[in-house]
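What the coordinates show
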Amino acid sequence: MTITANSQLSNVFSQNLESITSKTDGSLPTLGAELVYTQDGAGRYLTFCWQYSELLGLNTEKIVDELNQTQTFVPVDKVSYLERLHRILTSLVPERFQCWFSYQKELFELDLVISPIMPSLGTTATTVLVMGRLVQATLNKKQVRVVSKTPTQIELALRSQQHQKLVNRITRNIRRTLDLDIIWQQTVDSLGKALRLERCIICPYQPSSSKVQVKAEYRQSELKSMLGLDIDIASEPAFAQALATLEPVTMEVPGYKESGRQKTLVVATCYQDQANGLVALNWQDECYTLTESELELAKEAADQLGTAIAHATLYEELEIARQKAEEASRLKSEFLANVSHEIRTPLNGMIGFLKLILEGMADDPEEQNQFLAEAHHLSIHLLNIINDILDIAKIEAGKMELAYAPVKLDELFSHVEGFMRPQAEMRNLSFQMQMPATSDEIIVQSNYQRLLQVMLNLVGNAIKFTHEGGVTVSADLVFKKANFQDQQFPGMVKVRVADTGIGVSLDKQDKLFQLFSQVDGSRTRQYGGTGLGLAISQKLVEAMGGEVHFYSLGEGLGSTVTFTVPLYQQPVMVSSNDSDSTSSAEC
């Protein structure tokens, strides 16, 4: 949908260009470019010289100030241009590329070479030299449009009436539904059939994207479909101009048939002066010329479509938000039911054992002590559940405050082993804890109680969901500098809890760390628990400067949970050769 500068610029432009080129002094040809300018890192012009400045109406004596103040001659994709500028200033390596610039309602594609102006020794580059030439241009619609036949007043009246009916029909169809796919397809079908088009496409547009995708299409059967095609806006000047000006853009390009040329109209759909889509129409009729009133009708139809797109998008977002809110409400209700069950179970047990003692149902002091021990065990379990609920409430409210201090990893592992090994052995599971081979202590920067809570949660889960095999807890050192709370640490300790348990299917693993969510409600009753353990562990680890990750190949294939914590000081590692020599000496 582009044309060369020579075929698109007006006759006056071509004559003036020849005149200026013949009068140019020897400086520009010597540089090998018709366009030469310098800029700083922010894209401000320092100097500017172009053979076509006079044709653009630029005051050559005050051209730099005018360009910087009005921001009229700028790259269409300014962000990408400045990123390239900064990259060149940093790497000091010149780059050549093509870039579209806009000036008022006109677009120019330039072939540019940007070179850093080399700084003096010990300083950084701050300016660039840009040399280039004009590749192609698109002018405003009056200059681009080619009139092959002047329609009569009767023809104009009939066409205007026909197009007004078309706009009204499109508007009615739009108001009947909020389904964007239906709106888009009905619009291209209506336009294509009524105007006898070769092709009509609609592409939704997001300002954050440099591409648009063809979402709906009307086409003649002999044409290849463009549906689903991604189009780079920068490669289509008509698209870029329509988005920049919000005005219809027409141009003439070679047709797919041997005779005649194809005409193209591109209109941006918009809502509240913000573009949200593009409509492109192609037709082959050589005798058909769009009038100003028809362009206005096209713009009116695009405005209606833009409003519909905005409303449908808003409705879709509201529907998604409603579904998420309903899902969150359902999950919270399910969570509250599980928590109430988990709280009642130990509470009922405590009441039962204490009632037996109060009613003298114990046969002897030994059985009474046994009842008291069971009641005490159940009270600790109940306290842990309540603590979990309070912790998650604090985390959600942003009131979780942690004090950090050096923590010895061997003491932490010993504490965890003392708690968890008896539980594993009661279930006939193997239980191993492995530390890296070092000649001194491994110390991490963390909160001891919260780190212990995380490990007990993770190891407790591993034991609970493992029927046979075992659980392995290990630690590795990752010597990669890390920053946490404005302090740099020499590395991280990666703790791994692996089990041979029931595992988790791949499609359900994303629910593991969600609050009020459990992977499988049926398992909740079977294994117990509130479902808060992993969520709390993740929040605590992140608060302590680490990350939590879960791995499982699927159901029945075991699970591995890893978390990291900052290494307070780098320990001295023991190599395998040292271990071998020590073993030989002992023998």
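Remember, predicted model here, so these are calculated numbers, not experimental data.

Observations concerning the overall build of the protein chain
The number of helices and strands found in the protein chain is 16 helices and 22 strands. Sequence separation of 24 or more characterises 65% of the internal contacts of the protein chain that already satisfy a separation of 6 or more. Carbon and sulfur atoms form 52% of the exposed surface of the protein chain, whose accessible area is close to 31600 Å².

So, the nonpolar core
Among the nonpolar cores identified, the biggest contains 46 residues, and F431, V473, V493 and F563 are the most heavily contacted of them. No other element matches helix α13 (residues 448-464), which puts 8 residues into this core. In this view, F563 contacts L451, V454, M455, L458, V493, K494, V495, V541, E547 and V548; residues no more than four positions away in its chain are not counted.

Details of helix α4 (residues 63-70)
Listed in full, the buried residues belonging to α4 are I63, L67 and N68. In an axial view of α4, the angular spread of the buried residues amounts to 125°, which keeps them on one side of the axis. Looking at the buried positions of α4, the neighbouring elements they touch are β2 (45-50). A positive backbone phi angle near 55° is found at Q71, which sits one or two residues after α4.

Quick notes on the packing of aromatic side chains
Applying the stated criterion across every chain yields a total of 11 aromatic pairs. Three or more aromatic residues joined by ring pairs make a cluster, and in this case those are Y37, Y45, F48, W50, F73, Y81, F97, F101 and F108. Directly above the ring of F97 sits R84, whose terminal nitrogen or CZ lies 3.9 Å from the centroid.

Describing helix α8 (residues 180-195)
Over its 16 residues, α8 extends 22 Å from the first C-alpha to the last, a length consistent with the 22 Å expected when each residue adds 1.5 Å. All of the buried residues in α8 are L180, I183, W184, T187, V188, S190, L191, G192 and A194.

A short note on the pairing of strand β13 (residues 274-283)
When you tally the buried positions in β13, you get 9 out of 10 residues, the bulk of the element. Sheet topology places strand β7 (residues 199-204) next to β13; 6 bridges connect them, and they run antiparallel. Looking at the pairing, P204 lines up with G277 of β13.

A closer look at the pattern of salt bridges
In total, this model carries 10 salt bridges according to the counting rule given. Between R87 and E95 there is a salt bridge, and its shortest N-O distance comes to 3.0 Å. Classification of R87 by relative accessible area gives partly exposed; the value is 41%. Close ionic contact of E441 with K408 constitutes a salt bridge, the shortest N to O distance being 3.6 Å. Linking E441 in the loop between β15 (430-434) and β16 (443-446) with K408 in strand β14 (residues 405-408), this pair joins segments that are 33 residues apart in sequence. With relative accessibility at 32%, the residue K408 sits in the partly exposed group. One continuous salt-bridge network, built from bridges that share partners, spans R84, R87 and E95.

Details of the packing of α13 against helix α15 (residues 533-543)
One can describe the packing of α13 onto α15 by two numbers: an axis separation of 9 Å at closest approach and a directional angle of 145°. For the pair α13 and α15, the sense of crossing is left-handed. Along the contact surface, α13 presents R450, Q453, V454, N457, L458 and N461, while α15 presents G533, L534, I536, S537, L540 and V541. Partitioned by chemical class, the residues of the contact of α13 with α15 number 6 nonpolar, 5 polar and 1 charged.

Observations concerning unusual backbone geometry
A positive phi is found at D273, a non-glycine position, where the angle reads about 60°. A relative accessible area of 63% places D273 in the exposed class. The phi dihedral of D486 is positive, around 60°, even though this residue is not glycine. Checked against the element boundaries, D486 lands in the loop between β18 (482-484) and β19 (487-489). According to the relative accessible area criterion, D486 is exposed, its value standing at 88%.

Details of a negative patch on the surface
Together, D179, D181, E316 and E317 give the surface a local cluster of negative charge. By secondary structure assignment, the location of D181 is in helix α8. You can call D181 exposed: its relative accessible area is 52%.

Describing the layout of surface pockets
When its volume is computed, the second largest pocket comes out at roughly 700 Å³. Forming the boundary of the second largest pocket are 28 residues, of which V76, D77, K78, S80 and A234 lie nearest the centre. Counting only elements with at least two residues in the lining of the second largest pocket, the list comes to β3 (74-75), α5 (78-91), β4 (95-103) and α9 (237-245). When residues in the lining of the second largest pocket are grouped by element, the largest group, 7 residues, is from α5. Looking at side-chain class alone, the lining of the second largest pocket contains 16 nonpolar, 6 polar and 6 charged residues.

Examining the side chain of T264
Secondary-structure assignment places T264 in strand β12 (residues 261-271). For T264, the side chain forms a polar contact with the side chain of N282, separated by 2.5 Å.

Here we look at the state of the cysteines
What the rule picks out here adds up to 0 disulfides. The cysteine C203 is free of any disulfide, with C200 supplying the nearest cysteine sulfur at 9.8 Å. In this structure C203 comes out as buried when scored by relative accessible area, which is 1%.

Re the environment of E441
Judged by relative accessible area, E441 falls into the partly exposed class, the value being 34%. On a C-alpha basis, the gap between E441 and P571 in space is 6.6 Å, while along the polypeptide they are 130 residues apart.

Describing the confidence of the model for the protein chain
With 77% of its residues at a pLDDT of at least 70, the protein chain reaches an overall mean of 77. Note on residues 1-30: pLDDT under 50 across the span, and 51 contacts to partners over four residues away in sequence or across chains. Throughout residues 581-587 the model reports pLDDT below 50, and contacts reaching past four residues in sequence, or to other chains, amount to 0 contacts.

A short note on the environment of Q185
When you line up the elements, Q185 lands in helix α8. Sequence separation of Q185 and I202 is 17 residues, and the distance between their C-alpha atoms is 8.4 Å. When residues no more than four places from it in sequence are discounted, the contact partners of Q185 are A216 and E217. Within the structure, the side chain of Q185 is placed 3.2 Å from the backbone oxygen of E217, a separation counted as a polar contact.

Quick notes on the rules
- Per chain, residue numbering runs from 1 following the sequence as it is written.
- Local features in a predicted model are, by the rule used here, given only for residues with pLDDT of at least 70; side-chain atom pairs are given and counted only at 80 or more, and totals for whole chains, interfaces and linings are based on all residues.
- The side-chain values count all of the structure's non-hydrogen atoms but skip hydrogen atoms and water molecules.
- Numbering of helices and strands runs from the N terminus, with a helix taken as a DSSP run of H or I at least four residues long and a strand as a DSSP run of E at least two residues long.
- What makes two residues a contact is simply this: any of their non-hydrogen atoms within 4.5 Å.
- In this description, accessible areas are obtained by the Shrake-Rupley approach with a 1.4 Å probe, and a residue is regarded as covered only by the protein chains that are shown.
- Within this scheme, the nonpolar core is defined by two criteria: the residues are buried Ala, Val, Leu, Ile, Met, Phe, Trp, Tyr or Cys, and they are joined through side-chain atoms within 4.5 Å.
- Summary of the burial criterion: residues with accessible area below 20% of their type's maximum are buried, those above 50% are exposed, and those between are partly exposed, where the area comes from a 1.4 Å probe applied to protein chains only.
- What the arc covers is the set of directions going from the helix axis to the C-beta atoms.
- Only Phe, Tyr and Trp rings take part, Trp by its six-membered ring, and two of them pair if their centres are within 6.5 Å. Stacked means planes under 30 degrees apart, edge-to-face means over 60, and tilted covers everything else.
- When the NZ atom of lysine or the CZ atom of arginine is within 6 Å of a ring's centre and also within 35 degrees of its normal, the charge is said to sit over that ring.
- A helix is expected to span 1.5 Å multiplied by its residue count minus one.
- Here, strands pair whenever DSSP counts at least two bridges between them.
- Any Lys or Arg side-chain nitrogen found within 4 Å of a carboxyl oxygen on Asp or Glu counts as a salt bridge.
- Axis lines are fitted to C-alpha atoms, over the contacting stretch for helices. Their N-to-C directions set the angle, which ranges from 0 to 180 degrees.
- Each crossing gets its handedness from the near helix: less than a right angle anticlockwise from the far helix is left-handed, clockwise is right-handed.
- Residues are grouped as follows: nonpolar covers Ala, Val, Leu, Ile, Met, Phe, Trp, Tyr, Cys and Pro; charged covers Asp, Glu, Lys and Arg; every other residue, Gly included, is treated as polar.
- Patch building starts from residues that exceed 30% relative accessible area and form no salt bridge, then joins like charges within 9 Å and nonpolar side chains (Val, Leu, Ile, Met, Phe, Trp, Tyr) within 5 Å.
- The charge count treats Lys and Arg as positive and Asp and Glu as negative. His and the chain ends do not count.
- The atoms used to mark charge sites are NZ of Lys, CZ of Arg, CG of Asp and CD of Glu.
- Grid points spaced at 1 Å over the protein atoms alone were grouped into cavities, where a 1.4 Å probe fits but cannot get out, and pockets, open sets with protein on both sides within 12 Å along at least five of seven lines, with lining residues defined by an atom within 4 Å of a point.
- Grid points are joined across faces, edges and corners, and a volume is the space filled by probe spheres set on the points.
- Polar contact is defined as a pair of N or O atoms within 3.5 Å, subject to the rule that within protein one atom must be able to donate a hydrogen and the other to accept it, and that residues adjacent in sequence are counted only when both atoms are side-chain atoms.
- The disulfide criterion is simple: two cysteine sulfur atoms within 2.5 Å.
- What pLDDT expresses is the predictor's confidence in each residue, scored from 0 to 100.

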